[in-house]
Amino acid sequence: MRPLRLLAAVTGSPRLLAAAPRTGAAPVRVPLDSLSGAGGTAPAPDRPSSRTRLRAWAELLRVSALFAVPGDALAGAAATGRRPGRGTALAMGASLCLYEAGMALNDWADREEDAVDRPHRPIPSGRVAPGAALAAAGALTAAGLALAARAGRPALAVASGLAATVWAYDLRLKHTRLGPAAMASARALDLLLGATATAGAAPAAPGPAGTHPPSAALPAALALGAHTYAVTAVSRHEVQGGSTAAPLAALAGVAGLGAAALRGRPAHGEPSPAPATGTLLLPAFVAAYLRTAAVPLLHAALNPSPPLTRRAVGGGIRAMIPLQATLAARAGSPLVGLAAMGLVPLARALSRKVSPT
């Protein structure tokens, strides 16, 4: 017996038995489990794990930006002078569905552009199929409209306008001059959806400032739309950078909104804030709004590089939460604004894992 075979016989090693030559003997059969290490199963091709697929969808849907959505319905409810109720919850659900539909549709529409500028995005990287993203956009739109319908026909009408605006923006208007205006309109309609759904749900408990029709939410909707317009104008430069004018204009708009929120007399049709708690919380909400939105915009204006521009856009998205709180407090519901501010830590923590832009 050769030395190598003798050593294999002593140690009982199947690998040595397989490697040791045997002259004139039948071929040695090596157990499959010694090759695969998986109990006789040959190695399977690599497939994305569930965690990988979940992260891809989280990136596609920008889940870290979701926390900036419920405050629209809360601010709309506050503008009507009613406490949040069933209609407000339905409006929140509809808003979340339509927002996520817009995110999925956005990446589906931009898949060819992203293949050049953002190859790491879920669709161009192959982690999410284009057809799956489009199907998700359609299903989420249908779910959002179904939830709005349960809050009444007026809420469904507003939600239908919101859905049409979202699809028009993603498929046609995004890269035109009407893009920022379309996005601003969508956000204003989202706040009006909260006001309409809250006012249409019965019974609705009146708040401390009395009740008002949904049209009382128009000033708040215009303020949120103005902020959205500014952030969207900056976002058009987040890939290439190089624009100083856009972040400067947005910075001026943010400062103007903050100053308007602190002025003593409410606008026509806007309910007065509660005298005690509102006086204390309103300045704090405005300060949080300015700190979240203005600081990254200033950095982007001083150095309009793509990373700082994207950071300014992310700050503008997160700043919607203290802006919603500001609008709620100004409408006489500071505690509703405080509830909206509770979403800030969650949005900040999740944005470190999944980019909101």
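It should be noted that the structure appears before, not after, this text.
The present account deals with the structure reproduced in this document.

## Structural notes on the overall build of the protein chain
- Tallying secondary structure elements over the protein chain gives 17 helices and zero strands in all.
- Expressed as a percentage of its 357 residues, the buried residues of the protein chain come to 46%.
- If you take every contact in the protein chain between residues at least 6 apart in sequence, the share linking residues at least 24 apart comes to 77%.
- About 17300 Å² of surface is accessible on the protein chain, with carbon and sulfur atoms providing 64% of the total.

## Some details on the packing of aromatic side chains
- Under the criterion given, the structure shown has zero aromatic pairs.
- Sitting over the ring of Trp108, Arg111 keeps its end group 4.4 Å from the ring centre.

## Quick look at helix H10 (residues 179-200)
- Between its first and last C-alpha, H10 extends 31 Å over 22 residues, near the 32 Å set by a 1.5 Å rise per residue.
- Extensive coverage of H10 is indicated by the burial of 16 of its 22 residues.

## A closer look at the environment of Leu222
- With respect to the element layout, Leu222 can be found in helix H11 (residues 218-235).
- The exposure class of Leu222 is exposed, given its relative accessible area of 62%.
- Considering only alpha carbons, one finds Leu222 and Arg187, 35 residues apart in sequence, at a separation of 9.1 Å.

## A look at helix H8 (residues 130-149)
- With 20 residues, H8 ought to run about 28 Å at 1.5 Å a step, and its terminal C-alpha atoms sit 29 Å apart, in line with that.
- Along H8, the residues classified as buried are Ala133, Ala136, Ala137, Thr141, Gly144 and Ala148. Along the long axis of H8, the arc covered by the buried residues comes to 135 degrees, so they all point the same way.
- Next to the buried residues of H8 lie helix H4 (50-61), helix H6 (86-109) and helix H9 (153-173).

## Observations concerning the pattern of salt bridges
- Under the defined criterion, the tally for this structure stands at eight salt bridges.
- When the shortest N-O distance is used, the salt bridge between Arg55 and Glu59 registers 3.3 Å. With Arg55 and Glu59 both in helix H4, this residue pair falls four residues apart, about one helical turn.
- Its salt-bridge partner being Arg118, residue Asp114 comes within 2.9 Å of it at the nearest N-O pair.
- Shared partners join several salt bridges into a network, and the residues in it are Arg55, Glu59 and Arg127.

## A look at the packing of H6 against H8
- At a minimum axis separation of 8 Å, H6 and H8 run at an interaxial angle of 160 degrees. One way to sum up the angle between H6 and H8 is to call them roughly antiparallel. Viewed along their axes, H6 and H8 form a crossing whose handedness is left-handed. Here Leu90, Gly93, Ala94, Cys97, Leu98, Glu100, Ala101, Ala104, Leu105 and Trp108 of H6 lie close against H8, whose contacting residues are Pro130, Ala133, Leu134, Ala137, Leu140, Thr141, Ala143, Gly144, Leu147 and Ala148.
- Its residues placed into classes, the contact of H6 with H8 shows 16 nonpolar, three polar and one charged.

## Regarding unusual backbone geometry
- In this structure, Arg62 takes a positive phi of about 50 degrees despite not being glycine.
- Looking at the secondary structure, you find Arg62 in the loop between H4 and helix H5 (70-79).
- Residue Arg62 is classed as buried on the basis of its relative accessible area, which comes to 7%.

Each value, and the rule that gives it
- Once a new chain begins, its residue numbering starts again from 1 and follows that chain's sequence as written.
- Note on the predicted model: pLDDT of at least 70 is required for a residue's local features to be given, and 80 or more for side-chain atom pairs to be given and counted; whole-chain, interface and lining totals, by contrast, use all residues.
- Values shown for side chains rest on all heavy atoms present in the structure; no hydrogens or waters enter the calculation.
- Strands here mean DSSP runs of E at least two residues long; helices mean DSSP runs of H or I at least four residues long; both are numbered from the N terminus.
- Think of it in three bands: residues with accessible area under 20% of the maximum for their type are buried, residues over 50% are exposed, and the middle band is partly exposed, with areas taken using a 1.4 Å probe on protein chains only.
- In this description, contact between two residues means that some pair of their heavy atoms is separated by no more than 4.5 Å.
- Using the Shrake-Rupley algorithm and a 1.4 Å probe, accessible areas are obtained, with residue cover drawn only from the displayed protein chains.
- For Phe, Tyr and Trp, where Trp contributes only its six-membered ring, two rings pair if their centres lie within 6.5 Å, and the inter-plane angle classes them as stacked under 30 degrees, edge-to-face over 60, or tilted in between.
- In this scheme, the term charge over a ring applies when either NZ of a lysine or CZ of an arginine sits within 6 Å of the ring centre and within 35 degrees of the ring normal.
- Between the first and last residue of a helix there are one fewer steps than residues, each counted as 1.5 Å, and that sum is the expected span.
- In this context, the arc is that of the directions from the helix axis out to the C-beta atoms.
- Basic side-chain nitrogens of Lys or Arg form a salt bridge, by our definition, when they fall within 4 Å of a carboxyl oxygen of Asp or Glu.
- Whenever a helix is involved, its axis is fitted only over the stretch in contact; in every case the axis is a line through C-alpha atoms, and angles between N-to-C directions fall within 0 to 180 degrees.
- Our angle categories are set so that under 35 degrees counts as roughly parallel, over 145 as roughly antiparallel, 65 to 115 as roughly perpendicular, and the remainder as oblique.
- By the definition used in this description, the sense in which the near helix is turned from the far one sets the handedness, with an anticlockwise turn below a right angle giving left-handed and a clockwise turn giving right-handed.
- All residues other than Ala, Val, Leu, Ile, Met, Phe, Trp, Tyr, Cys, Pro, Asp, Glu, Lys and Arg, Gly among them, are scored as polar; the first ten of these are nonpolar and the last four charged.

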